[in-house]
Amino acid sequence: MKASAKIMYSLATFLLLMTVIYIFATIFVQDDGYIHGAEWAGIVALTLSFGLTMMLGVYLHFTERHADVLPEDWEEAEIEDGAGVLGFFSPNSVWPLAMTGAILVLGLGIIYMLYWMIALGAVLLIYTGTMMNLQYGVPKEKH
């Protein structure tokens, strides 16, 4: 088993243990005079955290069985073994900044419940997201 699957299984085991302890602690420990019984928000949060961590661990376990040995799992690996193409990053694009501004407008609209600002932010977010995805499909003179 690879390292990342082991980490996720360990975290899932810890969360399951904490969920059981939390359930018994909220049911049997009476530290205040008026609330009795289980505290459901924490129980649901810990249970969902356990489930999501377990799903990620199972996914990593199954996908790592079909992959080659990663540099993280090879004890004699050098730093250069992990180097490679990380992806394409656009150095001169203005659209990530414009998209950040659209998210700011949308967020402020949601915070202050201004429906016109929510609509404006949503339209700006759709426009900037579309333009960011299409920036290399549009001829250079158009952007």
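Sequence order sets the numbering: in each chain, residues are counted from 1 along the sequence as written. Per-residue local features of the predicted model are confined to residues with pLDDT of at least 70, and side-chain atom pairs are confined, for both listing and counting, to 80 or more; whole-chain, interface and lining totals are unaffected and use all residues. The side-chain numbers reported here are obtained from all heavy atoms of the structure, hydrogens and water having been left aside.

If you check an unreviewed UniProt entry, the protein chain appears there as Cytochrome c oxidase polypeptide 4 from Corynebacterium atypicum. UniProt positions are given in the numbering used here, feature names are shortened, and annotations may be inferred rather than shown by experiment. Under Catalytic activity (unreviewed entry), UniProt gives the following word-for-word description of the protein chain: "4 Fe(II)-[cytochrome c] + O2 + 8 H(+)(in) = 4 Fe(III)-[cytochrome c] + 2 H2O + 4 H(+)(out)". For the record of the protein chain, the UniProt heading Sequence similarities (unreviewed entry) holds the text "Belongs to the cytochrome c oxidase bacterial subunit CtaF family."

K.L.:
What exactly am I supposed to notice about the overall build of the protein chain here?
P.N.:
What counts as a helix is a DSSP run of H or I of at least four residues, what counts as a strand is a run of E of at least two, and both are numbered from the N terminus. The helix and strand inventory of the protein chain stands at four helices and zero strands. Ordered by position in the sequence, the α and β elements of the protein chain form the string α-α-α-α. For 143 residues, the compact-globule estimate of 2.2 N^0.38 gives 15 Å, and the C-alpha radius of gyration of the protein chain, at 24 Å, exceeds that figure by more than 25%. Taken along the three principal axes of its C-alpha coordinates, the protein chain extends 70 × 55 × 20 Å. Here the globule rule reads 2.2 Å times residues to the power 0.38, and the radius of gyration is calculated from C-alpha atoms.

K.L.:
Help me understand unusual backbone geometry in this model?
P.N.:
Working note: non-glycine residues mostly have negative phi, and peptide bonds are mostly trans. Of note, the phi angle at Met113 is positive, near 50°, even though the residue is not glycine. Checked against the element boundaries, Met113 lands in the loop between helix H3 (95-112) and helix H4 (115-134).

K.L.:
Can you help me understand the UniProt feature "transmembrane region" (unreviewed entry) in the protein chain in this one?
P.N.:
Here the UniProt feature "transmembrane region" (unreviewed entry) sits at residues 6-28, 40-62 and 94-127. Secondary structure across residues 6-28 comprises 100% helix and 0% strand; the distance between its end C-alpha atoms is 33 Å. With 100% helix and 0% strand, the stretch residues 40-62 has end C-alpha atoms that lie 33 Å from each other.

K.L.:
It is not clear to me how the packing of aromatic side chains should be interpreted in this structure. Could you clarify?
P.N.:
Pairing of aromatic rings covers Phe, Tyr and the six-membered ring of Trp, with a centre-to-centre limit of 6.5 Å; geometry is then stacked below 30 degrees between planes, edge-to-face above 60, and tilted otherwise. Enumeration according to the criterion identifies two aromatic pairs in this entry. A centroid spacing of 6.0 Å and a plane angle of 10° characterise the contact between Phe24 and Phe28, whose relative ring orientation is stacked. With Phe24 and Phe28 both in helix H1 (residues 3-28) and four residues apart, the pair spans about one turn of that helix. Aromatic pair Trp95 and Tyr127: ring centres 5.9 Å apart, planes at 80°, arrangement edge-to-face. One end of the pair, Trp95, is in helix H3; the other, Tyr127, is in helix H4, with 32 residues separating them in the sequence.

K.L.:
Explain the side chain of Glu64 to me, please; I cannot follow it from the model alone.
P.N.:
Relative to the helices and strands, Glu64 is located in helix H2 (residues 40-65). Throughout, a residue-residue contact means that at least one pair of heavy atoms, one from each residue, lies within 4.5 Å. Filtering out sequence-adjacent residues up to four positions away, Glu64 remains in contact with Lys2, Ser4 and Ala5.

K.L.:
Got a minute to help me understand the packing of H1 against H2 in this structure?
P.N.:
Relative placement of two packed helices is described by the angle separating their axes and the distance separating the axes. The angle between two axes is taken between their N-to-C directions and runs from 0 to 180 degrees, where each axis is a line fitted to C-alpha atoms and a helix contributes only its stretch in contact. The contact between H1 and H2 brings their axes to 8 Å, and the two run at 160°. What the angle tells us is that H1 and H2 run roughly antiparallel. Seen along the crossing, H1 lies across H2 with a hand that is left-handed. Side-chain classes follow a simple rule in which Ala, Val, Leu, Ile, Met, Phe, Trp, Tyr, Cys and Pro form the nonpolar group, Asp, Glu, Lys and Arg form the charged group, and the remainder, Gly included, forms the polar group. Within the contact of H1 with H2, the residues separate by chemical class into 17 nonpolar, nine polar and one charged. Convention used here: angles under 35 degrees read as roughly parallel, angles over 145 as roughly antiparallel, angles from 65 to 115 as roughly perpendicular, and any remaining angle as oblique. Crossings are classed by handedness, with left-handed meaning an anticlockwise turn of the near helix from the far one by less than a right angle and right-handed meaning a clockwise turn.

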